[in-house]
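Descriptive analysis of the structure
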Amino acid sequence: MNKFTTALTAGVLAFAPMTLLAEDSSDPIVIPIHNWSSQIVMSHVVGQIFESMGNNVEFVTTDSQAVYESVRLGDVTLELEVWEGAFGASFRAALEKGGLHDAGDHDAVTREDWWYPMWTKDACPGLPSWEALNDCAAVFATAETGDKGRYLDGPVDWLKHGQERVEALGMDFVVVNAGSAAALWAEIGAAEADKRPVVVFNWTPNFAEAVWPGEFVEFPEWVDGCDKDPAVGPNKDALYDCGNPADGYLKKAAWDGMKDKWPAAYDVLTKISFTNPQIAEMARLVDVEELEPEEAAAEWLEANPGVWQGWAS
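Let's shift gears to the overall build of the protein chain. Along the protein chain, the regular secondary structure elements total 15 helices and 10 strands. In summary, the protein chain has a C-alpha radius of gyration of 21 Å against a globular reference of 20 Å for 313 residues, a match within 12%. Judged by the C-alpha coordinates and their principal axes, the protein chain covers about 65 × 45 × 25 Å. Of all 313 residues assigned to the protein chain, the portion counted as buried reaches 54%.

Laid out in structure tokens, this is it:
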């Protein structure tokens, strides 16, 4: 048990029946860590709850797409942020193989897509229409992209298919992949000083919507199959010719063996459900307040006992 969870122990144990705690294995619950702040902090929040119940927890850095195969095989125990737009395909593929299952939805509703800060609209007033954005492509041109616009997509392993969309819709943009979520925030922050127009990959929930008001680009509406069947969407010869779901799910996934090996922890996992503001606050503590993830998790838990203590009862 680490220094961030010791102070939480008494509070959690007051809500958790000892008969349940004794059932959990002493083997570590393995929680994966990815490369965006809300997932990292949420993982530590849940890990600290598990630790304060008497469980051992291990955190491992894991690829955000390959993690579902790892959960399926039991190499990691769970995944706390299954975003429909980014990871739905990998999650469904693992489900079909067996070994993991849907452990329930968060209350949060997600959206992931091209996004711009509001000052960008001054330079391209037809926004949020994607056709208007394309007509304004030269506004986003850089030395790197020549006469085409620059779109800063998420890291390569997020598989956002920005290049496929540009090709499918015939857009005059060059897709550049950011190395991390922090690089996306740096791009927006650097553009803020002189109100330079930028278009980047963004998502909700995260802290950015409170710091930089903005809008998502409106592409052709998502239709199920747009990523699998060229006949779906406006371009009958291409995939990814539509936007991402505007009201996507945020799920939890668990290894099938978790419920038998760590029944008390599994019971808590099925009850966990965070909202958009709660998840945004987790990210803010790291991305704005610059706390370490473990510290951010401890601070969030201390500030929100009414949210989580009932999950361990």
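Having seen it, we continue.
With the rule as written, the count across this model stands at 16 salt bridges. Notably, a salt bridge pairs Glu112 with Lys160, separated by 3.2 Å at the nearest N-O pair. Remark: Lys160 occurs in the loop between strand E6 (149-153) and helix H8 (162-169) and Glu112 occurs in strand E5 (residues 111-117); sequence separation between them is 48 residues. Linking Glu187 and Arg196 is a salt bridge whose minimum nitrogen-to-oxygen distance equals 3.9 Å.

You can see Val166 is positioned in helix H8. For Val166, a relative accessible area of 5% gives the class buried. For Val166 and Pro305, which are 139 residues apart along the polypeptide, the C-alpha to C-alpha distance reads 45 Å. Each residue touching Val166, except ones within four places of it in the same chain, is listed here: Trp114, Met171, Phe173 and Val175.

Once that is clear, we can look at the confidence of the model for the protein chain. Averaged over all residues, the pLDDT of the protein chain is 91; the fraction at 70 or higher stands at 93%. Note that pLDDT drops below 50 for residues 9-22; the model gives that stretch 21 contacts with residues more than four away or on any other chain.

Inspection of the secondary structure puts Ser64 in the loop between strand E2 (57-61) and helix H4 (67-73). The exposure class of Ser64 is buried, given its relative accessible area of 1%. A polar contact is formed between the side chain of Ser64 and the side chain of Asp157, at a distance of 3.4 Å. If we skip the residues at most four places from it in the chain, Ser64 touches His34, Trp36, Phe87, Asp157 and Trp158.

As a further point, take the state of the cysteines. By definition, a disulfide links the sulfur atoms of two cysteines through a covalent bond. Applying the stated rule across the entire model yields 2 disulfides. Cys124 shares a disulfide with Cys136; S-S distance 2.3 Å. Taking the sign of the torsion about the S-S bond as the criterion, the disulfide between Cys124 and Cys136, at about 95°, is right-handed. Here Cys124 is found in the loop between helix H6 (120-123) and helix H7 (130-135), whereas its partner Cys136 is found in the loop between H7 and E6, with 12 residues between them in sequence. In this model, Cys226 is linked to Cys242 through a disulfide, with the two sulfur atoms separated by 2.0 Å. Taking the torsion about the sulfur-sulfur bond, which here is approximately -140°, the covalent link between Cys226 and Cys242 counts as left-handed. Separated by 16 residues along the polypeptide, Cys226 in the loop between strand E9 (214-216) and strand E10 (250-255) and Cys242 in the loop between E9 and E10 bring together distant segments of the chain. Taken as a pair, Cys226 and Cys242 share a single burial class, namely buried.

Given a rise of 1.5 Å per residue, 16 residues ought to cover 22 Å, and the 22 Å separating the end C-alpha atoms of helix H3 (residues 37-52) matches this to within 8%. Taken across its 16 residues, H3 has 16 buried, putting it largely inside the fold. At the exit of H3 stands Gly54, carrying a positive phi of roughly 105°.

Moving on to the nonpolar core. Membership of the largest hydrophobic core comes to 89 residues, with the highest contact counts inside it found for Phe50, Trp114, Phe173 and Phe274. Tallying contributions element by element places H3 first for this core, with 6 residues. Setting aside residues no more than four positions away along its own chain, Phe274 makes contact with Met42, Val45, Val46, His106, Asp107, Ala108, Ile279, Met282, Trp300 and Trp311.

Attention now goes to the sheet that holds E10. What the 3 strands build is an open sheet, ordered E3-E10-E4; its pairing is antiparallel. Here the strands that pair on one side only, and so sit at the sheet edges, are strand E3 (78-83) and strand E4 (100-105). On average, adjacent strands in this sheet sit at an angle of 30° to one another, irrespective of strand direction. For E4 and E10, the ladder comprises 4 bridges, and the chain directions are antiparallel. Paired with Asp105 across the bridge in E10 is Lys251. Here helix H5 (residues 84-97) sits on the sheet and contacts E3, E4 and E10; the angle it forms with E3, its principal contact strand, is near 130°.

Rules of the game
Residues numbered from 1 in each chain as written. Predicted model: local features only at pLDDT ≥ 70, side-chain atom pairs only at ≥ 80, totals over all residues. Heavy atoms only, no water. Helix = DSSP H or I, 4+ residues; strand = E, 2+ residues; numbered from the N terminus. Rg over C-alpha atoms; globule rule 2.2 N^0.38 Å. Buried < 20%, exposed > 50% of the residue type's maximum accessible area, 1.4 Å probe, protein only. Salt bridge = Lys/Arg side-chain N within 4 Å of Asp/Glu carboxyl O. Contact = heavy atoms within 4.5 Å. pLDDT = per-residue confidence, 0-100. Polar contact = N/O pair within 3.5 Å; in protein donor to acceptor, adjacent residues only side chain to side chain. Disulfide = S-S within 2.5 Å. Expected span 1.5 Å × (residues − 1). Core = buried A, V, L, I, M, F, W, Y, C linked by side-chain atoms within 4.5 Å. Pairing = 2+ DSSP bridges. Axes fitted to C-alpha atoms, helices over the stretch in contact; angles between N-to-C directions.

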